[in-house]
Amino acid sequence: MHEASLIQPLGAEWDWQHEGLCRTRSPELFFHPDGERGSVKRAREARAIALCQACPVISECREHALTVPEPYGVWGGLTEEERAEILALQDRRIS
């Protein structure tokens, strides 16, 4: 197999984003405004997560958010806090 055939264009790694249901909504659903807290934040996150649960690329999105890692917003049905917890558990397992 030719080495060049193993190299994929960088854009191919991001094609999944074109299928995300988040593209049909305002970014404010997924990213909290300054000062948002408590029940208002939880309600917004719950709406975002519900949309993520129906998304055809939830797995790709979640993998991206944990790999990068994305510090803000709801990605792949996970909040910032949930991703931080997952990453902390992974770090403890590696150590």
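Residues numbered from 1 in each chain as written. Predicted model: local features only at pLDDT ≥ 70, side-chain atom pairs only at ≥ 80, totals over all residues. Heavy atoms only, no water.

Engineer: Is there a simple way to explain the nonpolar core in this structure?
Structural biologist: Buried together is how nonpolar side chains tend to be arranged in soluble globular proteins. Listed in full, the seven residues of the largest apolar core are Leu29, Phe30, Ala48, Leu51, Cys52, Ile58 and Val74. Per element, the largest residue contribution to this core is three residues, and it comes from helix H1 (residues 38-53). If we skip the residues at most four places from it in the chain, Ala48 touches Leu29, Phe30 and Val74. Core analysis: the second largest hydrophobic core is formed by six residues, Trp16, Cys61, Ala65 and Trp75 among them. (Core = buried A, V, L, I, M, F, W, Y, C linked by side-chain atoms within 4.5 Å. Buried < 20%, exposed > 50% of the residue type's maximum accessible area, 1.4 Å probe, protein only. Helix = DSSP H or I, 4+ residues; strand = E, 2+ residues; numbered from the N terminus. Contact = heavy atoms within 4.5 Å.)

Engineer: Can you help me understand the side chain of Arg44 in this one?
Structural biologist: Examined against the element boundaries, Arg44 turns out to sit in helix H1. On the accessibility criterion, Arg44 (5% relative accessible area) is buried. A polar side-chain atom of Arg44 sits 2.9 Å from a polar atom in the side chain of Glu36. (Polar contact = N/O pair within 3.5 Å; in protein donor to acceptor, adjacent residues only side chain to side chain.)

Engineer: Explanation requested: helix H2 (residues 58-67) in the structure shown.
Structural biologist: Residues separated by three or four positions in an α-helix point in the same direction, a consequence of the helix having 3.6 residues per turn. Among all positions of H2, only Ile58, Cys61, His64, Ala65 and Leu66 are buried. Contact partners of the buried residues in H2: H1 and helix H3 (80-94).

Engineer: Quick question: what am I supposed to make of the pattern of salt bridges here?
Structural biologist: Two side chains carrying opposite charge are able to pair once their charged atoms lie near each other. For the structure shown, the criterion picks out two salt bridges. Between Glu36 and Arg44 there is a salt bridge; the shortest N-O distance is 2.9 Å. Judged on exposure class, the residue Glu36 and its partner Arg44 are both buried. Two residues, Glu81 and Lys41, come together in a salt bridge whose shortest N-O distance is 3.0 Å. Placement of the pair is Glu81 in helix H3 and Lys41 in helix H1, with a sequence separation of 40 residues. Owing to a relative accessible area of 42%, Glu81 belongs among the partly exposed residues under this scheme. (Salt bridge = Lys/Arg side-chain N within 4 Å of Asp/Glu carboxyl O.)

Engineer: Looking at this structure, how should I read the confidence of the model for the protein?
Structural biologist: In low-pLDDT regions, the fine details of the predicted coordinates are not to be read closely. For the protein, the average pLDDT comes to 89, and 86% of its residues sit at 70 or higher. Across the protein, H1 holds the top mean pLDDT of 98, while H3 sits lowest at 90. (pLDDT = per-residue confidence, 0-100.)

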